[in-house]
Amino acid sequence: MRTRQTKPGNGGGILPRTALTAALTLCVVGVVLYLAWIEVLAPRRGPVAADGAVDFDVEKARAETEALGQQMSNAISSGQVQGYLMAQVRGLVDRYPRYGPAHTLLGQAYWQAGQKKEAYDAMNMSLQINPAQPEVQELAGTMAMGLERMDRAGWHFGQAITYAPAEPRYRLALANVYLRERDFDKARTLLLECIRLDSDQHRAYSALSDVFAQQNKMDLALEQIQRAMEHTPAEQHNTFVLYGRKKASLLRRDNKPQEAMQVLLALGEEAKNEPQVLADMGTCWMMLSKPAEAAVMYREAFARQPIRWELAAEAARYFIKAGDVAAAQEMLEQVRTLQPQAQVLRELQSQITPGTGSAPGTPGTPGSAQ
């Protein structure tokens, strides 16, 4: 096995649907500020009047866009875009209707306000002014995916590739569209091109693993997810754990729970406290017909984190499966102490004492869990 990479991450990559808003939040303001400077350095690429002259003060437009972009960044960090800031961005567009970065910033403001269609329309306006903006093409494509407009998303990502053919992340984005559409041949071709451009693109290896898994080529799928893990920068711990969980899932699917367990254990002590990893390990123990091992694992996790009543509940669940009623009751009492209204108390108690709706410790009294 190769040593995990310690170089900085590559950025971009295959994004699940739930990550679209986060990706836009992280990158749009930076793109706006970058593009604002490009307009100053190369103003001839910007909007021009009928006589060929620039019809507004590009430097002033850039400065105002940069200032509002910083305010937008601060607003996103605080959790929301205030109405007054939205009004300011609209005013910016009114003053400089032919300045692309202003429309890009407006698109971000709309997106943060939950007005997704308006956000996408604003990005398109920026691209009508200047289509040779691969970063904005990427953002427009990501917004189109959020609107479930895969045809438009694919078009934007294709345009980004056209304008920046050496940038691998745009191929990753387009491959994601093809994966959603189950066009695995086109997705595989793009991912291989991405890896040829940058062999450290761990997201491309992960996506290739998805392609092969969909085609039931389990050996190839496992090989690619292993490469993804090996190329993940050391500082990207969460991504590394995600890939480890994916590898374990593939091994379970291939009916190799013992090997899957070894992969999960190799993720380290910190990962063993993560709910998803614990759940995966619990599944492995059940495939190995060892529910008592899963119960002990959860009891030990609860001992490490004694305020997390959910861990005690899961320990009780597995003790019930193992037939150890006394240990299950002990764990349920821990849950009752920390979260007396938890619905899981009634659920698990009824498994121990069929027909009982009471929480442990209150026999004959109807439970009050919601």
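See the structure shown above.
Because the structure is predicted, anything quoted here is derived from the model rather than measured.

A. Spatial organisation of the pattern of salt bridges. Tallying each qualifying case throughout the model produces 17 salt bridges. We note a salt bridge from arginine 227 to glutamate 223, for which the minimum N-O separation is 3.1 Å. Here arginine 227 and its partner glutamate 223 are both found in helix H11 (residues 218-230), four residues apart, which amounts to about one turn of the helix. Judged by relative accessible area, which is 34%, arginine 227 ranks as partly exposed. A residue is classified by how much of its surface remains accessible, and glutamate 223, at 35% relative accessible area, is partly exposed. A salt bridge links arginine 252 to aspartate 280, with the shortest nitrogen-to-oxygen separation between them at 4.0 Å. Placement of arginine 252 in helix H12 (residues 237-253) and of aspartate 280 in helix H14 (residues 275-287) is noted, with a sequence separation of 28 residues between them. On the accessibility criterion, aspartate 280 (9% relative accessible area) is buried.

B. Quick look at the nonpolar core. Counting 104 residues, the largest nonpolar core has Leu191 and Leu267 as its most contacted members. Every residue in contact with leucine 191, bar those within four places of it in the chain, is listed here: Leu172, Ala175, Ala204, Ala207, Leu208 and Val211.

C. Representation of the packing of aromatic side chains. Counting across every chain of the model gives three aromatic pairs. For the pair tyrosine 298 and tyrosine 318, a centre-to-centre distance of 5.8 Å together with 15 degrees between the ring planes defines the contact as stacked. In this pair, tyrosine 298 sits in helix H15 (residues 291-304) while tyrosine 318 sits in helix H16 (residues 309-322), placing the two residues 20 residues apart along the sequence. You'll find tyrosine 298 and tyrosine 318 in the same group, each marked buried. Feature note: the residues Phe56, Tyr96 and Tyr99 constitute an aromatic cluster, connected by ring pairs. Positioned above the aromatic ring of tryptophan 155 is the side chain of arginine 152, whose terminal nitrogen or guanidinium carbon lies 4.8 Å from the ring centre.

D. Main features of the packing of helix H3 (residues 83-95) against helix H4 (residues 100-112). At a minimum axis distance of 9 Å, the contact between H3 and H4 shows a crossing angle of 155 degrees. Overall, the two elements H3 and H4 adopt an arrangement that is roughly antiparallel. Crossing handedness for the pair H3 and H4: left-handed. Along the contact surface, H3 presents Met86, Val89, Arg90, Leu92 and Val93, while H4 presents Ala102, His103, Leu105, Leu106, Ala109 and Tyr110. Residues of the contact of H3 with H4, tallied by class, amount to nine nonpolar, one polar and one charged.

Reading guide: rules and limits
Residues numbered from 1 in each chain as written. Predicted model: local features only at pLDDT ≥ 70, side-chain atom pairs only at ≥ 80, totals over all residues. Heavy atoms only, no water. Salt bridge = Lys/Arg side-chain N within 4 Å of Asp/Glu carboxyl O. Helix = DSSP H or I, 4+ residues; strand = E, 2+ residues; numbered from the N terminus. Buried < 20%, exposed > 50% of the residue type's maximum accessible area, 1.4 Å probe, protein only. Core = buried A, V, L, I, M, F, W, Y, C linked by side-chain atoms within 4.5 Å. Contact = heavy atoms within 4.5 Å. Phe/Tyr/Trp six-rings, centres within 6.5 Å; stacked < 30°, edge-to-face > 60°. Lys NZ or Arg CZ within 6 Å of the ring centre and 35° of its normal. Axes fitted to C-alpha atoms, helices over the stretch in contact; angles between N-to-C directions. Parallel < 35°, antiparallel > 145°, perpendicular 65-115°, else oblique. Left-handed = near helix turned anticlockwise from the far one by under 90°. Nonpolar A, V, L, I, M, F, W, Y, C, P; charged D, E, K, R; others polar.

So far we have only geometry, and geometry alone does not tell us how the molecule works.
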